[in-house]
Amino acid sequence: MRRLWSVEEVSDYLGIPVKTLYQWKWRGEGPPVRKIGRHLRYDPDAVRRWVADRAA
C-alpha cells in the first residue's frame with residue numbers, strides 16, 4: 001500500500017489553508033478523502049486527478 005497524504009501535505013500541495021480542507025470535507029466538496037481513525041488521509045493520485053479535472 002502506498003503512503004497517503006495528511007491534511008497538511010494536501011494543504012501544501014494545493015496552496016490552501018488546512019481549515020479549507022476541513023470545510024470542504026464537511027460540505028462534501030474538495031478532493032476525495034478517507035477518514036482513518038481520527039485522521040483525514042488523501043490518495044495522492046486522487047488529489048492530482050481532482051486538480052486536473054478542475055483545470056480543464
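Residues numbered from 1 in each chain as written. Predicted model: local features only at pLDDT ≥ 70, side-chain atom pairs only at ≥ 80, totals over all residues. Heavy atoms only, no water.

**Brief notes about the nonpolar core**
The condition that has to hold: As used here, the term nonpolar core means buried Ala, Val, Leu, Ile, Met, Phe, Trp, Tyr and Cys residues forming a set that is joined through side-chain atoms within 4.5 Å. Note on exposure labels: buried denotes an accessible area under 20% of the residue type's maximum, exposed denotes more than 50%, and partly exposed covers the range between, all computed with a 1.4 Å probe on protein chains only. A run of DSSP states H or I qualifies as a helix once it reaches four residues; a run of E qualifies as a strand once it reaches two. Both are numbered from the N-terminal end. The contact rule is simple, with two residues in contact once any of their heavy atoms fall within 4.5 Å.
Counting residues in each nonpolar core, the largest one holds ten residues, listed as Trp-5, Val-7, Val-10, Ile-16, Leu-21, Trp-24, Leu-40, Tyr-42, Val-47 and Trp-50. Looking at this core, the elements that each hand over two or more residues are helix H1 (7–14), helix H2 (18–27) and helix H3 (44–55). Ignoring sequence-local partners within four residues, the contact set of Val-10 consists of Trp-5, Leu-21, Tyr-42 and Val-47.

**Considerations on H1**
Filter applied, for reference: Of all possible arcs, the one meant is that of the directions from the helix axis to the C-beta atoms.
Within H1, burial applies to Val-7, Val-10 and Ser-11. Projected down its long axis, H1 shows its buried positions confined to an angular sector of 105°, all on one face. For H1, exposure combined with an orientation more than 90 degrees from the buried face picks out Glu-8 and Asp-12. Contact partners of the buried residues in H1: H2, strand E2 (39–41) and H3. Remark: Gly-15 follows H1 within two positions and exhibits a positive phi of approximately 70°.

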